[in-house]
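Each chain, written out:
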Amino acid sequence: MAANRIDPFGDDLDVSDFAPRPTKAPAVPKAAIRTVSEENRFPSRAATAPAKPLREQRRYRTGRNVQLNTKVTQATFDHAHHLCEQTGMVLGELLERAFAALERELGEEAKPPRP
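Residues numbered from 1 in each chain as written. Predicted model: local features only at pLDDT ≥ 70, side-chain atom pairs only at ≥ 80, totals over all residues. Heavy atoms only, no water.

Enquirer: Help me understand the overall build of the protein, please; the structure alone is not making it clear to me.
Expert: Regarding its fold elements, the protein presents 3 helices and 0 strands. Beginning at the N terminus, the succession of helices and strands in the protein can be written as α-α-α. Since a compact globule built from 115 residues should have a radius of gyration of about 13 Å, the 34 Å found for the protein marks it as more spread out than a globular shape. Dimensions of the protein, computed from C-alpha atoms along their principal axes, come out at roughly 95 × 50 × 30 Å. In the protein, buried positions account for 4% of the 115 residues. With the model as given, the accessible surface of the protein reaches about 12000 Å², and the carbon-plus-sulfur share is 56%. (Helix = DSSP H or I, 4+ residues; strand = E, 2+ residues; numbered from the N terminus. Rg over C-alpha atoms; globule rule 2.2 N^0.38 Å. Buried < 20%, exposed > 50% of the residue type's maximum accessible area, 1.4 Å probe, protein only. Areas by Shrake-Rupley, 256 points an atom, 1.4 Å probe, with all protein chains shown as cover.)

Enquirer: I tried to follow the pattern of salt bridges on my own but got confused; where do I start?
Expert: Any two side chains of opposite charge can pair, given that their charged atoms come close. Enumeration according to the criterion identifies 1 salt bridge in this entry. With a shortest N-O distance of 3.2 Å, E96 and R64 are connected by a salt bridge. Taken together, the residues E96 in helix α3 (residues 91-106) and R64 in the loop between α1 (30-39) and α2 (74-87) connect sequence positions 32 residues apart. Here R64 falls in the partly exposed class, since its relative accessible area comes to 36%. (Salt bridge = Lys/Arg side-chain N within 4 Å of Asp/Glu carboxyl O.)

Enquirer: Even after reading the chapter, I still don't get unusual backbone geometry, so can you show me in this structure?
Expert: A negative phi angle is the norm for most residues apart from glycine, just as the trans form is the norm for most peptide bonds. Even without a glycine there, the phi angle at R41 is positive, about 55°. Tracing the backbone through its elements, the reader meets R41 in the loop between α1 and α2. Classification of R41 by relative accessible area gives exposed; the value is 74%.

Enquirer: What's the story with α2 in this structure? I'm lost.
Expert: Residues lying three or four places apart along an α-helix face the same way, a consequence of the helix completing one turn every 3.6 residues. If you check α2, its first and last C-alpha atoms are 20 Å apart, about what 14 residues at 1.5 Å a residue would give, namely 20 Å. Count one or two residues on from α2 and you reach G88, which has phi positive near 80°. (Expected span 1.5 Å × (residues − 1).)

Enquirer: Got a minute to help me understand α1 in this structure?
Expert: Across the 10 residues of α1, 0 count as buried, placing the element largely on the outside. Trailing α1 by a residue or two, R41 shows a phi angle of about 55°, which is positive.

Enquirer: Sorry if this is basic, but what is going on with the confidence of the model for the protein here?
Expert: The predicted coordinates of low-pLDDT regions are not to be read in fine detail. Averaged over all residues, the pLDDT of the protein is 82; the fraction at 70 or higher stands at 91%. The lowest-confidence element of the protein is α1, averaging 90 in pLDDT; the highest-confidence one is α2, averaging 93. (pLDDT = per-residue confidence, 0-100.)

Rendered as structure tokens:
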């Protein structure tokens, strides 16, 4: 059986009679497609207006270039951002001032070692 196979890379393979089959289905009008999709509550993929951000982005040049990631509760996150919006501070400044207030509250024992 292997001897009867045609070598696809050989010169004796003739594909000149090959032609794609004609499409049997007629083109469907776009209005009909839209009607069927709306009747079946198929969601449109048309572009929509971009979602409004939850809060306005604040970008400042502060010299703070070291990132501090920490996990907090949603209430703490919301409280910090509310304080930033209320005072006009950035999160880094809010954290620095919170540290300073804690140091004042604890006194000398809370002072960090200075390099």
